[in-house]
Amino acid sequence: MSLKFFTFIIMVCFYSVSFSQENVSLKNAIKNQQAAVLQKDSFLDSVVAPLQEKPLYFEKVFLHTNKTSYFIDDAIWFKAYVGSASNKPSLKTTRLNVNLLDTKGKIIQSQQVFIYKGAGKGQFILNDSLKTGVYYLKATTNYMQNFGKDNAYIQEINILNDIAAKEATLKKQYDVQFFPEGGYLLENVQNTIGIKSLLNGNGIDYSGKIMNIKNQEVASFKSEHLGMTKCTFLYKPNEKYTAFVTIQDTIIKINLPTAQKTGILLGVDNSQSEYIKVNLKTNGNTETEVKNSRYRILFHQKNSILDYVELQNSASLDLEFDKKNFFNGINTVTLFRDNQPIAERKFYIQNEIEPKIALEKIAVENDSISYKIKISSPDKILNANLSTSILPINTYNYAAINTIKSAFLLTPYLKGYIENPAYYFNPKNDKRNQYLDLLLLTQGWTQFSLKEMIAELNPVYKYDFEAGFKLKGNLSSLASNHLALLTPDNSVIDKIFLNGKKDFSFNNLLIYKGDAVKISFVNGNNEALKPEKINFETQNKTSFSYLNSNQTARQTFILNEDLWNNMYSSGSIKLEEITVTAKSKRYTDRKKLINKYKPLVFDIGKYYDIEIAEHFKNKDLMYFLNFDQDVKMVNWNGIENYLETGIKKEAILYIDGKRITSSELSSVSLQIKDIQNIMLQPDRGNKFYQVFTTENYKNNIEELFNEYIIKDGFDKEKKYYSPIYNFDTNKYSNWTEIDWKPNLETDKNGEFFFKIKSNPQLEGYLFSIQGFSQDGTLISENIKIKT
């Protein structure tokens, strides 16, 4: 620890990390005394130990969106990043709740996003029911609630519609606040006070002055950044002070808080590049109080303790500390008197070397452009997970007011709304550090007890990490003590032991909304037995619907135990196989479909897969064709049947590669549950259908187990598509978007490659790049390239 002694210091106590190797002689002189002191030191027992006792994991969230302003025919595409206190990808949580909210906090849409190795993707599909206005994205994990219900990531977006919201005439609401540095004012010393002025929640320019009871000006001030500034003045004994603040054409009069007669002021000077200064000052009235009390300053970031310094018989003191030894990001220094917090100040330290991000155009091919992005660090290759939004260089629909840096390094450590947090991390803003310190000064501090401080910084564990979803219910009777959750093709998802109880719960399921599952008893011969009746417990207002309600006799089949043994990973049940076999048919990989059915249909590549809506699951094929595809069976002159679609157009039906003739149409009674895929090829208004049945149907095996559609699960990620706008995109090209690349990972050289569609109408491109590396390096850059 490097200290400058302006007054008398008796002892420096090092709890965990010493700030430096300087002052070795001082350390050696107290070395023998230090161990005994630490054992008996009540500060360690009363403050440090409770702050570090079973410390909770701290999670942070950021959403990178493809843009920040949307039309109603847009989709809000986003990539979610969930990080730890050290900004590394969080491996604890797999479930992130993301809500689209209006200004009243009403949920418009909600998504449950699957998080894998700290990242996940999702989307909100907009519609014309949304009025023009401001909306919010809110993202949080269940575990984050341990640090308070408001511990969530919030991002403002705009939605544009022809239907404008009724604009209410807002009454001007001014809010002027004064924040004494450290938490209070003290008589007979120079006090620093932060000032913040808001108009309807946003910073506004102003000027002002502080007057004493004789109407004499003792200080003046003027806003510097987003309604924030500071000033200093001497608070004389038994004096009262009033601030007069001029905002536009309004003068606001505010009585300043009454100063304390005794105490120690805590201040921070963060203007030097290498050292942080901590200032302690007091007045003559406090000498007796100082002699009879023990004072310490504690450095921490939330409940992560860095170090503390003990001060004895000290009145005023300046300390200097090397910035290299602090946490990267927001740090807090708290002043204690007799183990009770009496003052506090936050400050920001930039310790990490910024990675270099280089974007290079490497090829132009027909209507596409290939780019390479290289991310480098002086001493390592970064293994990074990234996303990038590509927009017109002069875009009107993107405002970078949030970045992964502001979301991970700033907002989780402050309370309340922060206006344009990304400003403080943009190197183009020369005064960003000065204004960031103003922001931290105007955070203020409300004096509270040690017990309240510990409860806030190191709360009691109440909310669990969510590794997936639960499927709970009860059975009418027990055919076995083992119950299995199966995919439609009878692969085992999970198996539980009932121990004679009829209630069951399958936990930590990585399963998606719309997935189909079955439930079966498993007997000693590894045979599956159908339950007679199952009642499901609703989870989070979720219900399950039957695909098939036929009540039939029990049926047995042999389970593949190898599949069962391979389904597990530590902490949760792995459903990689399940999400292939159990996901809705419309999501089956097209290439696999073509390879699968090409032996039956040589030109299957001309067909595309049709999704089958949930409400058709218990219907037959002809019902589906009629009500979903507008295909009807018609009799021609009493001679033959055919399938009609549209006006005088015909549909041709194939089942498992065989064309269904006119005479066979009336006898088709194929159930949707027996169909694996339906594929369509349109041809000049006519339609050709290829229907492929399940293996059980081909083998004449009747499926007697009911299937259930999961409604309480992860939302499925959709494939990105560029919207088709209802305006002239050439004329209004700066309102459009070019591309969205959420799945970018650097290779062994710290590089990744991608292509975008070229647009000769544009002057250039804006690349918004966000992400993090495995070691916690945060990557945030906006790069503009002219064409």
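Note that the structure is a prediction, hence the values are computed from the model and not measured. (Residues numbered from 1 in each chain as written. Predicted model: local features only at pLDDT ≥ 70, side-chain atom pairs only at ≥ 80, totals over all residues. Heavy atoms only, no water.)

**Let's talk about the overall build of the chain**
Thinking step 1. Assigned secondary structure in the chain consists of 12 helices and 49 strands.
Thinking step 2. Taken across its 787 residues, the chain has 50% of its residues classed as buried.
Thinking step 3. Considering only intrachain contacts with a sequence separation of at least 6, the fraction spanning at least 24 residues in the chain is 68%.
Thinking step 4. For the chain, the accessible surface area stands at approximately 38600 Å², while carbon and sulfur atoms represent 47% of it. (Helix = DSSP H or I, 4+ residues; strand = E, 2+ residues; numbered from the N terminus. Buried < 20%, exposed > 50% of the residue type's maximum accessible area, 1.4 Å probe, protein only. Contact = heavy atoms within 4.5 Å. Areas by Shrake-Rupley, 256 points an atom, 1.4 Å probe, with all protein chains shown as cover.)

**Observations regarding the pattern of salt bridges**
Thinking step 1. Tallying each qualifying case throughout the model produces 27 salt bridges.
Thinking step 2. Linking Arg337 and Glu289 is a salt bridge whose minimum nitrogen-to-oxygen distance equals 3.1 Å. Here Arg337 is found in strand β22 (residues 329-337), whereas its partner Glu289 is found in helix α3 (residues 287-291), with 48 residues between them in sequence.
Thinking step 3. Taking relative accessible area as the criterion, Glu289 reaches 22% and is therefore assigned partly exposed.
Thinking step 4. Overlapping salt bridges, with partners in common, bring together Glu360, Lys372, Lys374 and Glu751 in one network. (Salt bridge = Lys/Arg side-chain N within 4 Å of Asp/Glu carboxyl O.)

**Concerning the confidence of the model for the chain**
Thinking step 1. On average, the chain scores 84 in pLDDT, and the residues at 70 or more come to 85%.
Thinking step 2. Every residue in residues 541-588 scores below 50 in pLDDT, and together they form 128 contacts with partners more than four places removed in sequence or on other chains. (pLDDT = per-residue confidence, 0-100.)

**Focus: the environment of Asn238**
Thinking step 1. Within the fold, Asn238 resides in the loop between β14 (228-234) and β15 (242-247).
Thinking step 2. With 21 residues separating them along the chain, Asn238 and Ala259 place their C-alpha atoms 8.7 Å apart.
Thinking step 3. Setting aside residues no more than four positions away along its own chain, Asn238 makes contact with Glu187 and Lys261.

**Section: the side chain of Thr777**
Thinking step 1. Relative to the helices and strands, Thr777 resides in the loop between β48 (764-773) and β49 (778-786).
Thinking step 2. In this structure Thr777 comes out as buried when scored by relative accessible area, which is 7%.
Thinking step 3. Polar side-chain contacts of Thr777 include one of 3.0 Å to the side chain of Asp775.
Thinking step 4. Discounting residues that sit within four places of it in the chain, Thr777 has contacts with Pro355, Lys380, Leu382, Gly771 and Phe772. (Polar contact = N/O pair within 3.5 Å; in protein donor to acceptor, adjacent residues only side chain to side chain.)

**Considerations on the sheet that holds strand β16 (residues 250-255)**
Thinking step 1. With antiparallel pairing, 4 strands are arranged side by side in an open sheet as β13-β12-β15-β16. This sheet does not close on itself; its edge strands, each paired only once, are β13 (217-222) and β16. Taken over all neighbouring pairs, the strand axes of this sheet differ in orientation by 20 degrees on average, direction set aside.
Thinking step 2. Across 5 bridges, strand β12 (residues 207-211) lies against β15 in antiparallel orientation. Across the sheet, residue Met211 finds its bridge partner in β15, namely Thr242. (Pairing = 2+ DSSP bridges. Axes fitted to C-alpha atoms, helices over the stretch in contact; angles between N-to-C directions.)

**Some points on helix α5 (residues 432-441)**
Thinking step 1. Of all 10 residues that make up α5, 7 are buried, and the element is covered over most of its length.
Thinking step 2. The set of residues buried in α5 consists of Tyr435, Leu436, Asp437, Leu438, Leu439, Leu440 and Leu441.

**What about empty space enclosed by the protein?**
Thinking step 1. Applying the stated rule across the entire model yields 6 cavities of 30 Å³ or more.
Thinking step 2. Within this model, the largest cavity holds a volume of roughly 90 Å³.
Thinking step 3. Looking at the largest cavity, the residues that line it are Asn328, Tyr348, Gln350, Glu352, Ile353, Glu354, Pro355, Lys405, Leu409, Thr777 and Leu778.
Thinking step 4. The class makeup of the residues in the lining of the largest cavity is 5 nonpolar, 3 polar and 3 charged.
Thinking step 5. Size it by volume and the second largest cavity reaches roughly 60 Å³.
Thinking step 6. Together, Phe62, Leu63, His64, Thr65, Thr68, Gln155, Tyr398, Ala399, Ala400, Ile401 and Asn402 line the second largest cavity.
Thinking step 7. Element by element, the count of residues in the lining of the second largest cavity is highest for strand β1 (residues 60-65), at 4 residues.
Thinking step 8. For the lining of the second largest cavity, the per-class residue count stands at 6 nonpolar, 5 polar and no charged. (1 Å grid on protein atoms, 1.4 Å probe; cavity = no way out; pocket = protein on both sides within 12 Å on 5 of 7 lines; lining within 4 Å. Points joined across faces, edges and corners; volume = space filled by probe spheres on them. Nonpolar A, V, L, I, M, F, W, Y, C, P; charged D, E, K, R; others polar.)

**A short note on the packing of aromatic side chains**
Thinking step 1. On inspection of all chains with the given rule, the structure shows 43 aromatic pairs.
Thinking step 2. Residues Tyr765 and Phe767 carry aromatic rings whose centres are separated by 6.4 Å and whose planes lie at 55 degrees to one another, so their mutual orientation is tilted.
Thinking step 3. With relative accessibility at 0%, the residue Phe767 sits in the buried group.
Thinking step 4. Here the aromatic residues Phe62, Tyr81, Tyr153, Phe408 and Phe772 are joined through ring pairs into a cluster of three or more.
Thinking step 5. Here the basic side chain of Lys619 rests over the ring of Tyr623, its NZ or CZ set 4.9 Å away from the ring centre. (Phe/Tyr/Trp six-rings, centres within 6.5 Å; stacked < 30°, edge-to-face > 60°. Lys NZ or Arg CZ within 6 Å of the ring centre and 35° of its normal.)

**Thoughts on the environment of Phe58**
Thinking step 1. Take Phe58: it is sitting in the loop between α2 (42-52) and β1.
Thinking step 2. Owing to a relative accessible area of 5%, Phe58 belongs among the buried residues under this scheme.
Thinking step 3. Taking the C-alpha atoms as reference points, Phe58 and Lys302, separated by 244 residues in sequence, lie 9.0 Å from one another.
Thinking step 4. With residues up to four places along the chain from it excluded, the contact list for Phe58 reads Gly83, Ser84, Ala85, Phe147, Asn151, Lys302, Pro412 and Tyr413.

**Section: the pairing of strand β44 (residues 686-693)**
Thinking step 1. Buried residues dominate β44, accounting for 6 of its 8 residues.
Thinking step 2. In the sheet, strand β41 (residues 649-655) pairs with β44 via 5 bridges, with the strands oriented parallel. Opposite Tyr654, over in β44, you have Gln690 as the bridge partner.
Thinking step 3. By the bridge criterion, 8 bridges tie strand β43 (residues 675-683) to β44 in an arrangement that is antiparallel. Pairing of Met679 across the sheet is with Gln690, part of β44.
Thinking step 4. The turn linking β43 back onto β44 is made up of 2 residues, and Arg684 within it adopts a positive phi angle of 50 degrees.

**Structural notes on the nonpolar core**
Thinking step 1. One finds Leu63, Leu96, Leu410 and Tyr424 to be the most contacted residues of the largest nonpolar core, which totals 51 residues.
Thinking step 2. Of all elements in the fold, only β1, β3 (75-83), β4 (95-101), β7 (133-140), β8 (153-160), α4 (404-409) and α5 reach the threshold of two or more residues within this core.
Thinking step 3. No other element matches the 6 residues that α5 contributes to this core.
Thinking step 4. Every residue in contact with Leu63, bar those within four places of it in the chain, is listed here: Phe78, Lys79, Ala80, Leu96, Val98, Leu137, Ala139, Tyr153 and Gln155.
Thinking step 5. In terms of nonpolar packing, the next biggest core, distinct from the first, is built from 27 residues, Tyr184, Val278, Leu317 and Leu335 among them. (Core = buried A, V, L, I, M, F, W, Y, C linked by side-chain atoms within 4.5 Å.)

**Observations regarding the packing of α2 against helix α6 (residues 450-457)**
Thinking step 1. Contact geometry for α2 and α6: axes closest at 9 Å, N-to-C directions at 20 degrees. Taken as axis vectors, α2 and α6 run roughly parallel relative to one another. Regarding α2 and α6, the two cross each other, and that crossing is right-handed. Between α2, through Ser46, Val47, Pro50 and Leu51, and α6, the contact on the second element is made entirely by Leu450, Ile454 and Leu457.
Thinking step 2. For the contact of α2 with α6, a count of residues per class yields 6 nonpolar, 1 polar and no charged. (Parallel < 35°, antiparallel > 145°, perpendicular 65-115°, else oblique. Left-handed = near helix turned anticlockwise from the far one by under 90°.)

**So, the pairing of strand β10 (residues 190-199)**
Thinking step 1. Here β10 lies mainly inside the structure; 9 of its 10 residues are buried.
Thinking step 2. As defined by bridge partners, strand β9 (residues 174-180) adjoins β10 across 7 bridges and the pair is classed as antiparallel. Directly across from Tyr174, in β10, lies its bridge partner Leu199.
Thinking step 3. Where β10 meets β14, 7 bridges bridge the pair, whose relative direction is antiparallel. Bridging across to β14, Gly194 finds its partner in Lys230.

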